[in-house]
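# Fold and geometry: a report
What follows is each chain in one-letter form.
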Amino acid sequence: MTTSCTLNEFELLEGTTTQNLFIHLTPIIICVGLLGNILTIYVFIITDLKRQSVSILTIALAIVDSLVLLVPVLFLWLENLLKRELTDASPFWCRTHGFFDLTFTCCSSWLMICIAFERFCAVWFPHRHKVSFTHRKIFFLVLGILFSATIISTWFIFVVKMILKTRPANIIQHTSTLSLKSPLKNTSENFSFSPPRQIPFGNQSLVSYFKCDVYDDNLYDSMGMVSVVLNYFLPFIFVLLLNSTIIYRLCNRGIVELTSSITVTLILVCLVHLFCTLPFQCWWIYYEIPDQTGDCLWLKNKLTWRTITFTIRNINYMANFFLYSCSSALFRYELKGLILLWLLPHERYQSYRYRRQSLYDNIQQNVSLVRLIMRRLSRTPEYLNDGVIANHVGGAGVDDDHVANI
């Protein structure tokens with residue numbers, strides 16, 4: 001017969017390197033992520049980037065990522081900082097703390113699928129892309145994702161509630177039994193927010209208190225696994241497949257503007273999403289392994305890996321602004337213009353006007369008409385990988401564009 005661990009989560013991880021990194025790194029992720037997402041929204045709304053239909057998806061993604069950092073991530077960080085379970089403070093937070101995390105992460109993952117699919121159609125079916133992905137259609141698509149994610153995540157509200165529990169009065173609250181149920185919620189016993197009431201029971205008095213807990217373990221485990229599949233596994237597969245086909249298509253074309261192509265930028269965003277969410281998915285598989293020993297070391301390993309993978313997952317909600325800035329010269333140019341308008345309210349900056357720019361002219365270079373025509377024709381199979389375009393009609397070649405007469 002095995003004995004259960006009598007230490008709670010905060011005691012198991014107290015003083016460890018993992019816990020210290022989580023406490024010190026999480027506020028940096030939250031602050032930098034919120035600032036970056038706000039700047040991203042501002043750039044895609046004010047500048048000519050809003051003309052791109054995919055801008056609605058990037059704006060919605062930045063809003064959802066900010067909500068993930070602002071509600072569930074901040075909530076869990078406060079619990080670890082205060083070493084208290086805030087879910088026991090009120091029935092509202094008890095029922096909704098996991099609901100918010102499930103809803104926002106589901107929206108973020110499926111918005112990433114929409115971005116990957118939009119780029120897939122832009123690369124493989126460019127003649128249908130403008131008709132299929134209008135601003136109006138994408139706006140209603142975003143509303144549909146938000147509504148669906150909300151409905152799918154409502155199960156959490158019905159499987160947790162404030163439960164009245166009792167314990168012997170002579171048991172110290174720090175020696176409560178750890179019962180790990182979810183990465184979104186600690187279910188270790190903590191009596192800080194529930195004023196105990198002593199009830200005489202024979203020769204021993206019992207203390208009653210309210211605890212946020214799961215009242216149906218089987219339903220919770222089954223619905224939790226369904227949510228993990230919908231929020232992480234399926235989006236991971238779809239985004240991976242769509243981006244693989246996009247990269248294959250771009251390689252066959254033989255021409256990719258790494259410093260200007262919005263397709264390359266969004267591919268990079270999708271790949272970072274895949275790498276950041278994969279460890280958290282693997283942790284869920286590790287979490288499902290049953291513990292038959294009751295050893296505190298086993299529980300400590302689970303909590304340690306949960307903290308590490310959860311932190312890596314949160315980096316995904318902070319990184320998009322830096323990915324846009326590093327991979328898109330047009331985004332950097334527009335962002336620089338907005339910063340100059342804000343910091344230097346000079347007359348010449350007040351007369352600054354944003355204009356629509358070509359994806360091949362985002363650094364204000366003079367591009368000739370022949371160059372634009374050749375880039376358009378380079379989408380055909382006649383474009384060779386060595387940078388030479390065949391001119392079957394015997395037209396004159398342009399040296400700057402590596403055009404040769406054949």
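Within an unreviewed UniProt entry, the label attached to the chain reads G-protein coupled receptors family 1 profile domain-containing protein, and the organism entered is Rotaria socialis. The UniProt entry for the chain carries the following text under Sequence similarities (unreviewed entry): "Belongs to the G-protein coupled receptor 1 family."

Using the residue numbers shown here, the UniProt feature "transmembrane region" (unreviewed entry) corresponds to residues 21–44, 56–78, 98–117, 138–158, 229–250 and 262–286. Along residues 21–44, the helical share is 100% and the strand share 0%, with 33 Å between the first and last C-alpha atoms. Secondary structure across residues 229–250 comprises 100% helix and 0% strand; the distance between its end C-alpha atoms is 30 Å.

So, on to the state of the cysteines. On inspection of all chains with the given rule, the structure shows 1 disulfide. Note that cysteine 94 is cross-linked by a disulfide to cysteine 212, the S-S spacing being 2.0 Å. One disulfide, between cysteine 94 and cysteine 212, carries an S-S torsion of 90° and so falls in the right-handed class. Taken together, the residues cysteine 94 in helix α4 (residues 91–124) and cysteine 212 in strand β3 (residues 204–214) connect sequence positions 118 residues apart. Cysteine 94 sits in the buried class, given a relative accessible area of 0%. When its relative accessible area of 0% is taken as the criterion, cysteine 212 is described as buried.

Let's shift gears to a nonpolar patch on the surface. Together, Tyr42, Ile45 and Ile46 make up a nonpolar patch on the protein surface, roughly 280 Å² of accessible area in all. Of note, isoleucine 45 is situated in helix α2 (residues 17–46). On the basis of relative accessibility, which here comes to 43%, the residue isoleucine 45 falls in the partly exposed class.

Right, let's talk about the environment of valine 228 for a bit. Within the secondary structure, valine 228 sits in helix α8 (residues 217–253). Here valine 228 falls in the buried class, since its relative accessible area comes to 4%. Considering only alpha carbons, one finds valine 228 and leucine 102, 126 residues apart in sequence, at a separation of 8.8 Å. Those residues in contact with valine 228 that sit more than four places away from it in its chain are Phe233 and Trp284.

With respect to the helices and strands, threonine 311 occurs in helix α10 (residues 296–327). For the pair threonine 311 and leucine 25, spaced 286 residues apart in the sequence, the C-alpha separation amounts to 8.4 Å.

Let us look at the packing of aromatic side chains. Counted by the stated rule, this structure contains 23 aromatic pairs. Ring pairing ties together the aromatic residues Phe75, Phe92, Trp93, Phe99, Phe100 and Phe104, which thus form one cluster. Cation over ring: arginine 249 sits above tryptophan 124, and NZ or CZ is 4.8 Å from the ring centre. One residue, arginine 313, lies across the ring of phenylalanine 280, its end atom 5.4 Å from the ring centre.

The residue lysine 83 is not glycine, and still its phi comes out positive at about 55°. For lysine 83, the location among the structural elements is in the loop between α3 (54–82) and α4.

Basis of the calculations
- Residues numbered from 1 in each chain as written.
- Predicted model: local features only at pLDDT ≥ 70, side-chain atom pairs only at ≥ 80, totals over all residues.
- Heavy atoms only, no water.
- UniProt positions renumbered as here; feature names shortened; annotations may be inferred.
- Helix = DSSP H or I, 4+ residues; strand = E, 2+ residues; numbered from the N terminus.
- Disulfide = S-S within 2.5 Å.
- Buried < 20%, exposed > 50% of the residue type's maximum accessible area, 1.4 Å probe, protein only.
- Patch = residues over 30% accessible without salt bridge, like charges linked within 9 Å, V, L, I, M, F, W, Y side chains within 5 Å.
- Areas by Shrake-Rupley, 256 points an atom, 1.4 Å probe, with all protein chains shown as cover.
- Salt bridge = Lys/Arg side-chain N within 4 Å of Asp/Glu carboxyl O.
- Contact = heavy atoms within 4.5 Å.
- Phe/Tyr/Trp six-rings, centres within 6.5 Å; stacked < 30°, edge-to-face > 60°.
- Lys NZ or Arg CZ within 6 Å of the ring centre and 35° of its normal.

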